[in-house]
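Here is what each chain is made of, one letter per residue.
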Amino acid sequence: MSTDKYNPYENVVSTVNKAAAILGYSHSDYEAVLYPERELKVSVPVCMDDGSVRVFEGYRVQHSTSRGPAKGGIRYHQNVNEDEVKALAAWMTFKCAVVNIPYGGGKGGIVCDPTTLSEEELRRLTRRFTAMIAPIIGPEQDIPAPDVGTNATVMGWIMDTYSMLKGHCVPGVVTGKPLELGGALGRSEATGRGVMITSLNVLRALQIPISGTTAVVQGMGNVGSVSAKLLHMAGMKILGVSDVSGGLYCEDGLDIPDILEYINAKRGNLLEGYEKENVKHITNEELLELETTLLVPAALENQIHKDNADRIRAKVIVEAANGPTSIEADEILQKKGIVLVPDILANAGGVVVSYFEWVQNIQSVSWSEEHVNEQLKTIMDQAFKAVWDISKEKETTLRTGAYLIAVKRVVDAKNLRGIWP
Ligand SMILES: NC(=O)C1=CN([C@@H]2O[C@H](COP(=O)(O)OP(=O)(O)OC[C@H]3O[C@@H](n4cnc5c(N)ncnc54)[C@H](O)[C@@H]3O)[C@@H](O)[C@H]2O)C=CC1
Ligand SMILES: O=C(O)CCC(=O)C(=O)O
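Reading the values: the criteria
- Residues numbered from 1 in each chain as written.
- Chains lettered and ligands numbered in written order.
- Predicted model: local features only at pLDDT ≥ 70, side-chain atom pairs only at ≥ 80, totals over all residues.
- Heavy atoms only, no water.
- 1 Å grid on protein atoms, 1.4 Å probe; cavity = no way out; pocket = protein on both sides within 12 Å on 5 of 7 lines; lining within 4 Å.
- Points joined across faces, edges and corners; volume = space filled by probe spheres on them.
- Helix = DSSP H or I, 4+ residues; strand = E, 2+ residues; numbered from the N terminus.
- Nonpolar A, V, L, I, M, F, W, Y, C, P; charged D, E, K, R; others polar.
- Pairing = 2+ DSSP bridges.
- Axes fitted to C-alpha atoms, helices over the stretch in contact; angles between N-to-C directions.
- Near = heavy atom within 4 Å.
- Polar contact = N/O pair within 3.5 Å; in protein donor to acceptor, adjacent residues only side chain to side chain.
- Areas by Shrake-Rupley, 256 points an atom, 1.4 Å probe, with all protein chains shown as cover.

Visitor: When you look at empty space enclosed by the protein in this model, what are you seeing that I'm missing?
Guide: Over the atoms a probe the size of a water molecule is rolled, and this reveals where empty space is left. Tallied over the entire structure, the rule returns one cavity of 30 Å³ or more. Quantified by volume, the largest cavity comes out at close to 80 Å³. Lining the largest cavity are 13 residues; nearest its centre among them are N11, T15, W91, T325 and R399. Elements supplying a minimum of two residues to the lining of the largest cavity: α1 (8-23), α10 (327-335) and α14 (398-417). Here the lining of the largest cavity gets three residues from one element, more than from any other, and that element is α1. Of the residues assigned to the lining of the largest cavity, the class counts are four nonpolar, five polar and four charged.

As structure tokens, then:
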């Protein structure tokens with residue numbers, strides 16, 4: 001556990017300031033991107049199954065709409081708070097900019113533990129929340145998607161509630177929907193696929209062979225489980241995986257298909273209770289500190305912080321989660337020579353395929369999964385090369401390199417539009 005007083009929004013501001021200094025900006029050139037454009041806080045009353053009424057706190061933050069509609073997920077988690085949603089929204093702005101898709105950034109969240117709510121309670125919470133944020137979302141304004149604690153089912157409820165309010169079907173209001181409601185083939189695996197593509201790109205750039213190379217994945221939800229599956233399929237040896245219930249370790253490599261079958265068959269999808277010869281149970285702290293070539297944090301923010309960064313023994317970190325590394329930890333990792341691919345690049349596969357879903361919804365067309373995956377790979381490869389090249393040219397970390405590209409694109413768009421009136 002970190003002893004930092006961690007504020008994710010301060011992390012974003014500090015990273016943007018660093019990139020702006022290298023870009024030679026004066027404060028007024030980019031000050032506007034340091035603030036979210038719009039923040040909506042709602043109190044959501046929900047009739048619980050026992051007949052009582054509980055009021056939940058919810059947020060939708062639009063960090064930027066300079067390059068297009070705001071875009072980003074909705075999180076259901078007990079630790080959601082305003083600064084976290086602001087940071088997640090800002091990361092979306094820079095993520096969409098670094099992969100050059102025509103969106104700004106937004107994010108939403110509800111302070112709740114979805115594992116303690118019944119399906120009916122979750123549905124009522126989602127519908128009421130959607131109605132309360134409906135004035136600021138829409139296919140041309142702000143398009144939600146899944147994040148921690150939400151999934152395709154929740155996106156289906158959002159799409160239906162918004163459509164009922166408009167009086168007609170509006171599939172493009174949300175992405176990550178069920179396929180039957182206009183969801184895109186490939187979206188459910190897209191973030192993990194992008195993580196795999198980026199992991200292979202960085203290993204190749206560092207001339208590290210892929211086959212038999214070791215990897216560790218923290219988080220076995222949507223992003224972590226697909227990342228582990230695809231890295232394993234690419235020939236890597238997955239030494240460890242974990243989730244909120246703890247971690248598993250096997251020095252000969254874990255049987256990932258068997259683990260996925262185990263968690264997918266269980267309510268809550270947790271690793272706890274998994275037993276297999278040569279597989280040891282370890283803590284999340286121990287997992288992060290394993291000796292491995294590749295470490296993929298795919299859970300929550302601030303997992304690698306000033307108190308454990310010095311003990312990280314990975315050669316390469318690919319940030320599948322948003323904000324898993326604190327600013328202080330970044331500096332320690334850099335000094336240790338650990339190469340880190342930042343979240344805004346590494347986990348952009350999800351929003352890239354969300355963009356494909358939105359494009360298909362707006363045009364009423366449907367792409368094959370093969371086409372989606374090909375287009376995703378093209379965008380992820382191009383973005384990785386651009387970030388790698390600028391980092392070499394400017395002698396910066398890959399995080400700073402990614403922000404040099406992203407901040408410039410957002411600031412250019414903002415300045416070209418001018419200040420109104
Ligand atoms: N779902 C998506 O398409 C995208 C998600 N992300 C980011 O990826 C990360 C994971 O998101 P999802 O997989 O969608 O969420 P999820 O809700 O499907 O899974 C979260 C996973 O993290 C685990 N976890 C929670 N607390 C933990 C802890 N303290 N230690 C270890 N594991 C813990 C959970 O048990 C679960 O396995 C988040 O940072 C999210 O913002 C980023 C881009 C897109
Ligand atoms: O698919 C999307 O629109 C956004 C996914 C997301 O929330 C993220 O990339 O952090």
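Following the structure, the description resumes.
Visitor: Sorry if this is basic, but what is going on with the sheet that holds strand β1 (residues 38-47) here?
Guide: Ordered by their spatial adjacency, five strands build an open sheet running β1-β2-β4-β3-β5, and the pairing between neighbours is mixed. The sheet is open, and its two edges are formed by β1 and β5 (142-146), each paired on a single side. The mean angle between the axes of side-by-side strands here comes to 25°, regardless of whether they run parallel or antiparallel. Across five bridges, the pairing between strand β3 (residues 70-77) and β5 is parallel. Note that in β5 the partner of G73 across the bridge is A145.

Visitor: Sorry, what's going on with the layout of surface pockets here?
Guide: The computed volume of the second largest pocket comes to approximately 310 Å³. Every residue lining the second largest pocket is counted, 16 residues in all, and those nearest its centre are A32, K414, N415, G418 and I419. Those elements that provide at least two residues to the lining of the second largest pocket are α2 (27-30) and α14. Split by residue class, the lining of the second largest pocket holds six nonpolar, five polar and five charged.

Visitor: Can you walk me through the site of ligand 1 in this structure?
Guide: Within the structure, ligand 1 sits among 23 residues, and D147, T191, N222, V223 and N322 are positioned closest to it. For ligand 1, an oxygen atom lies 3.0 Å from a polar atom in the side chain of R187. Between an oxygen atom of ligand 1 and a main-chain N or O atom of M220, the distance comes to 3.0 Å. Contact with the protein chains covers 85% of the free accessible surface of ligand 1, which is 830 Å². At the level of elements, α6 (187-205) and α7 (222-233) are the ones that each hand at least two residues to the shell around ligand 1. Along the lines of polarity and charge, the residues of the shell around ligand 1 split into 10 nonpolar, nine polar and four charged.

Scope: geometric values only; no functional claims are made or implied.
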